[in-house]
Amino acid sequence: MTARILSGKEIADAIKREVAEEVATLAESYGFRPGLAVVRVGEDAASSVYVGNKVKTSEELGLVSEHHHLPAETTHAELLKVVDDLNNRDDIDGILVQLPLPRQINEKEILEKISPEKDVDGFNPLNVGRLAQGQNALAPCTPAGIIDMLKRFEIEMRGRHAVVIGRSNIVGRPMAQLLLKQDATVTIAHRYSENLIEITRTADILVVAIGRAGFIRGEFIKPGATVVDVGINNVSDTELAKELFDEAELEKRLKTIEKRGFTLVGDVNPREAREKAANFTPVPGGVGLLTVAMLMRNTLDAAKTRRLKK
Ligand code: GUN
């Protein structure tokens, strides 16, 4: 079998197109544009790229965005004050504090401070709790994007066995809740799970978010499964690249390693997954692109709920 490749780009583009249309209608009918504030503290290199994408995409879609870049030595109290001011501003609909935060800042307290109605990351415990109760809530962007993608590719979730590997607050846990909401039978596996392969082999839908390049081999995959690879790992080892890619792809990847020093690899061995799975999300070009698109959708939804429904 050769898996159908699920293009995250196609889905992200569709979501962004829909958001842009709705934003234009809101501006015309109600005279406002959704406002997104992105807060970044310090100089994490990956965060800088992610935040840049978030701000740029907001502008492309007609939202209003602002980027608050605070110095690495910002205190907990100072960051709390920034969040509080954003909570109190009527022109701001969504607040996102980019993680990770420097060590002197208590991440949990910051996330609890973000007003639940402006919590476009879905990390505030009130929204996490709502999601756990199966209520509608602002949900974390990457897993929400994955559900949207599975629906658009018409992959049945009801009654199917969905296995999520990884239990992070950003992906694994909310992913499991969202799959449960779609009536899947859900298993969460993690680093202490015994007989992992026995579990994954029964997965109709396998979502992997563990941060280990190419960890999921073909033998882990039930023939005909849908495999969603959330991992983003930098691989510079050419020997590992040879295990992960078929000839045509390998040539491109080796060139990338030569040029940039690394190539992006997911948590799943793509060569083997393509042979076993019916559907597979590539890295890059898979779910990574959905995150920003869903952030735009969440900001629009937060704006509509807060400004039109009260
Ligand atoms: N860091 C890595 N992923 C995310 C995300 O989705 N949201 C925030 N705020 N920080 C992140």
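Scroll up for the structure.
Residues numbered from 1 in each chain as written. Predicted model: local features only at pLDDT ≥ 70, side-chain atom pairs only at ≥ 80, totals over all residues. Heavy atoms only, no water.

As for the pairing of strand β6 (residues 185-189)
Short version of the rule: Two strands qualify as a pair provided that DSSP identifies no fewer than 2 bridges between them. The helix and strand labels rest on DSSP assignments: H or I over at least four residues marks a helix, E over at least two residues marks a strand, and numbering proceeds from the N terminus.
Where strand β5 (residues 161-165) meets β6, five bridges bridge the pair, whose relative direction is parallel. The residue bridging Ile 165 from the neighbouring strand is Ala 189, located in β6.

Thoughts on the pattern of salt bridges
Our working rule: We define a salt bridge as a contact between a side-chain nitrogen of Lys or Arg and a carboxyl oxygen of Asp or Glu at a distance within 4 Å. Relative accessible area decides the class of each residue, using a 1.4 Å probe on protein chains only: under 20% of the type maximum gives buried, over 50% gives exposed, and in between gives partly exposed.
Evaluated as defined, the whole model comprises 24 salt bridges. As a salt-bridge pair, Asp 148 and Arg 152 come within 2.5 Å of each other at their nearest N and O atoms. You can see Asp 148 and its partner Arg 152 sitting in helix α6 (residues 141-152), four residues apart, about one turn around the helix. Notably, a salt bridge pairs Asp 204 with Lys 222, separated by 2.8 Å at the nearest N-O pair. Of the two residues, Asp 204 sits in the loop between α8 (196-200) and β7 (205-208) while Lys 222 sits in the loop between β7 and β8 (226-229), which places them 18 residues apart along the sequence. You can call Asp 204 buried: its relative accessible area is 15%. A cluster of three or more residues bridged by salt bridges with shared partners is formed by Glu 22, Arg 297, Asp 301 and Lys 304.

Section: α6
The criterion, for reference: A helix is expected to span 1.5 Å for every residue after the first. Only heavy atoms enter the contact rule, under which two residues are in contact if any of them lie within 4.5 Å.
The first and last C-alpha atoms of α6 sit 16 Å apart over twelve residues, in line with the 16 Å expected at 1.5 Å per residue. Burial of α6 is extensive: ten of the twelve residues sit out of reach of the surface. Along α6, the residues that are buried comprise Cys 141, Thr 142, Pro 143, Ala 144, Gly 145, Ile 146, Ile 147, Asp 148, Met 149 and Leu 150. Looking at the packing, one finds that the buried side of α6 touches α1 (8-30), α7 (172-181), β7, β8 and α12 (288-308).

Focus on the pairing of β7
A regular strand places its side chains on the two faces of the sheet in alternate fashion. On β7, burial covers both faces: Ile 205 and Val 207 on one face and Leu 206 and Val 208 on the other are all buried. Bridge count between β5 and β7: four bridges; the pairing is parallel. Bridging across to β7, Ile 165 finds its partner in Val 208. With four bridges connecting them, β7 and β8 associate as parallel partners. When the sheet's bridge partners are listed, Val 207 is paired in β8 with Val 228.

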